[in-house]
Amino acid sequence: MIGPVADERRDAVGSHAEAAALFHGLADPTRLMILAHLRTGEHKVRELTEHLGLAQSTVSAHLSCLRDCGLVLSRAQGRASMFSLANPRLLMDLLADANHYIGTSETHELDTHDFTEVHGGAMSSEGADR
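The present account deals with the structure reproduced in this document. Not measured: the values here are computed from a predicted model. (Residues numbered from 1 in each chain as written. Predicted model: local features only at pLDDT ≥ 70, side-chain atom pairs only at ≥ 80, totals over all residues. Heavy atoms only, no water.)

Here we take up helix 6 (residues 88-102). For helix 6, which comprises 15 residues, the first-to-last C-alpha distance of 21 Å matches the rise-based estimate of 21 Å (1.5 Å per residue) to within 8%. Restricting attention to buried positions, one finds in helix 6 the residues Pro88, Leu91, Met92, Leu95 and Asn99. In a view along the axis of helix 6, the buried residues occupy a sector of 100°, so they form one face of it. Looking at helix 6, the residues exposed on the side facing more than 90 degrees away from the buried face are Arg89, Leu90, Asp97, His100 and Tyr101. Immediately beyond the C-terminal end of helix 6, within one or two residues, lies Gly103, with a positive phi of roughly 80°. (Helix = DSSP H or I, 4+ residues; strand = E, 2+ residues; numbered from the N terminus. Expected span 1.5 Å × (residues − 1). Buried < 20%, exposed > 50% of the residue type's maximum accessible area, 1.4 Å probe, protein only. Arc of directions from axis to C-beta.)

In this section: the packing of helix 3 (residues 29-38) against helix 4 (residues 45-52). A pair of packed helices is captured by two measures, namely the crossing angle of their axes and the spacing between those axes. With their axes 11 Å apart at the nearest point, helix 3 and helix 4 run at an angle of 115° to one another. Here helix 3 runs over helix 4; the crossing is right-handed. Judged by residue contacts, Met33, Ile34, His37 and Leu38 of helix 3 engage Leu48, His51 and Leu52 from helix 4. Classifying every residue of the contact of helix 3 with helix 4 by side-chain character gives five nonpolar, two polar and no charged. (Axes fitted to C-alpha atoms, helices over the stretch in contact; angles between N-to-C directions. Left-handed = near helix turned anticlockwise from the far one by under 90°. Contact = heavy atoms within 4.5 Å. Nonpolar A, V, L, I, M, F, W, Y, C, P; charged D, E, K, R; others polar.)

Everything listed here is a matter of coordinates, which is why it stays silent on function.
Pasting the structure below:
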């Protein structure tokens, strides 16, 4: 009776697909850096490329993954796309919990980049309210 066992396994895998997609999106240091930068507000691919020092194609591929995983949103603005965090508060809570889980100190968190040089302050109020 392989049929019922296979059906149960398929159902179990399907029920975990969204969590797997989320963790896939978080499983790359570059994607974590992009998410950290988007914490400051919306950005164009060009702005992220300049900030991170990566090729446009690399940033675009990572943004596509993050969008597919439900971590970022995009909207058209003229010929460009603007990217933002899909749910900043939940993401920051998740990263804080990850820091706690892996036992990092406040000085060595997952999100340690100092954006004050680029943006002159903390997360924009627009980003905080999503």
